[in-house]
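# Structural description and commentary
Now for the letters of each chain:
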Amino acid sequence: MRVKTHIFVTSLLRRVFASGGYAAVLRKGAEEAGAIFIRHRNRLGTETLYAPAPQSFFEDEDDGIRKFEVRLRDADGENIDGALSSEIRFDPDCWIVEIELDDVGDLLQVVEPGH
């Protein structure tokens, strides 16, 4: 069973602040099971967009851990804005969280294509 979205987001924000970073909810979606998109800004001025990983990344049994994939890496803000606008049109119940931190490290479980 997966943790409710609003609980996951609250926990993520607290862990970012505890790591010395900044985080904010830019768009609040469905509290129970909304998809989460994470906009990670780095100090070089580029951004990475993390999106929910497709179901094909999950094992036969869902372990309840939210998995993310990199949708855009080292992109400019306009490209991230465009991608997020498309996601909102497709899923108006999605969440958008912004993180400013050097490295997301252990904050997210990121899966790579082909794994």
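Residues numbered from 1 in each chain as written. Predicted model: local features only at pLDDT ≥ 70, side-chain atom pairs only at ≥ 80, totals over all residues. Heavy atoms only, no water.

An unreviewed UniProt entry annotates the protein as DUF1491 family protein originating from Sinorhizobium americanum.

## A closer look at the pattern of salt bridges
The final tally for this structure, using the stated rule, is nine salt bridges. Between Arg39 and Glu47 there is a salt bridge whose closest N-O contact spans 2.4 Å. Across the pair, exposure class does not vary: Arg39 and Glu47 are buried alike. Notably, a salt bridge pairs Arg71 with Glu87, separated by 2.6 Å at the nearest N-O pair. In this pair, Arg71 is assigned in strand E4 (residues 67-75) and Glu87 in helix H2 (residues 77-90), connecting sequence segments 16 residues apart. Among the charged side chains, a network of salt bridges with common partners joins Arg39, Arg41, Glu47, Asp81 and Glu98. (Salt bridge = Lys/Arg side-chain N within 4 Å of Asp/Glu carboxyl O. Buried < 20%, exposed > 50% of the residue type's maximum accessible area, 1.4 Å probe, protein only. Helix = DSSP H or I, 4+ residues; strand = E, 2+ residues; numbered from the N terminus.)

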